[in-house]
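# Structural overview
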Amino acid sequence: MARSRAVAPGDWTALSALQRSGPPYERTPKQLADELGVTAGTMSVRIDRLSNARLVEPVPAVDGRSRPVRLTELGRRRWSQATRDRTTRERRLLTDALASDDLDQLNRLLAQLLARLEDEFGPAPRHQQAR
């Protein structure tokens, strides 16, 4: 990742978790692993890769146990570009696969499904809501 501007999907999810955390955009490795549902080893490898690419940086630990990482300015820019690229690619996939009327129908059906899920389980947590 250090040589390429592309962000791997797993790295994008880690950067997204840091971005969602809000200023100062930092989390401990355990918090990130728990949020992303990955093992500590997997999270360690991702953090090392992101750190080597200068997308995250270590910050001093408050309690001396687990050293948090912070999203760097470069990391925020790279996450933002990767998110735009991903959204563009997803939009293109949908518009290539479905006609305009079919997309309208899909949106109506998904809205019905979302309403039913929210009735059953409550609204989505803030970080999972569409922007």
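Predicted model only: the values in this text are computed from it and were never measured. (Residues numbered from 1 in each chain as written. Predicted model: local features only at pLDDT ≥ 70, side-chain atom pairs only at ≥ 80, totals over all residues. Heavy atoms only, no water.)

### Section: the confidence of the model for the protein
Looking at the protein, pLDDT values average 90 and 91% of them are 70 or higher. Put simply, helix α5 (residues 100-121) is where the protein has its lowest mean pLDDT, 94, and strand β3 (residues 69-71) is where it has its highest, 97. (pLDDT = per-residue confidence, 0-100. Helix = DSSP H or I, 4+ residues; strand = E, 2+ residues; numbered from the N terminus.)

### What to know about a nonpolar patch on the surface
Together, L110, L113, L117 and F121 make up an exposed nonpolar region whose accessible area comes to about 420 Å². Counting through the fold element by element, F121 comes out in helix α5. The class for F121 is exposed, based on a relative accessible area of 66%. (Patch = residues over 30% accessible without salt bridge, like charges linked within 9 Å, V, L, I, M, F, W, Y side chains within 5 Å. Areas by Shrake-Rupley, 256 points an atom, 1.4 Å probe, with all protein chains shown as cover. Salt bridge = Lys/Arg side-chain N within 4 Å of Asp/Glu carboxyl O. Buried < 20%, exposed > 50% of the residue type's maximum accessible area, 1.4 Å probe, protein only.)

### Let's talk about the environment of E57
By secondary structure assignment, the location of E57 is in strand β2 (residues 56-58). For E57, a relative accessible area of 32% puts it in the partly exposed group. Between the C-alpha atom of E57 and that of L71, which follows or precedes it by 14 residues, the distance is 6.6 Å. Residue contacts for E57: discarding those within four places in its chain leaves P68, V69, R70 and T72. (Contact = heavy atoms within 4.5 Å.)

### Remarks on helix α4 (residues 73-97)
A rise of 1.5 Å per residue sets the reference length of α4, with its 25 residues, at 36 Å; its end C-alpha atoms lie 36 Å apart and thus fit the reference within 8%. When α4 is considered as a whole, its buried residues turn out to be L74, G75, R78, W79, A82 and T83. Looking at the buried residues of α4, the elements they touch are α1 (9-20) and β3. (Expected span 1.5 Å × (residues − 1).)

### Some points on helix α3 (residues 40-52)
Over its 13 residues, α3 runs 18 Å from end to end, which matches the ideal 18 Å to within 8%, given 1.5 Å per residue. All of the buried residues along α3 are M43, R46, I47 and L50. Each buried residue of α3 sits inside an arc of 100 degrees when the element is viewed along its axis, so together they form one side. The inward-facing, buried residues of α3 contact α1, α2 (29-36), β2 and β3. In the stretch just after α3, R54 is the one whose phi turns positive, near 65 degrees. (Arc of directions from axis to C-beta.)

### Brief notes about the packing of aromatic side chains
Within the structure shown, the criterion is met by 0 aromatic pairs. Lying over the aromatic face of W12, R86 brings its terminal NZ or CZ to 3.9 Å of the ring centre. (Phe/Tyr/Trp six-rings, centres within 6.5 Å; stacked < 30°, edge-to-face > 60°. Lys NZ or Arg CZ within 6 Å of the ring centre and 35° of its normal.)

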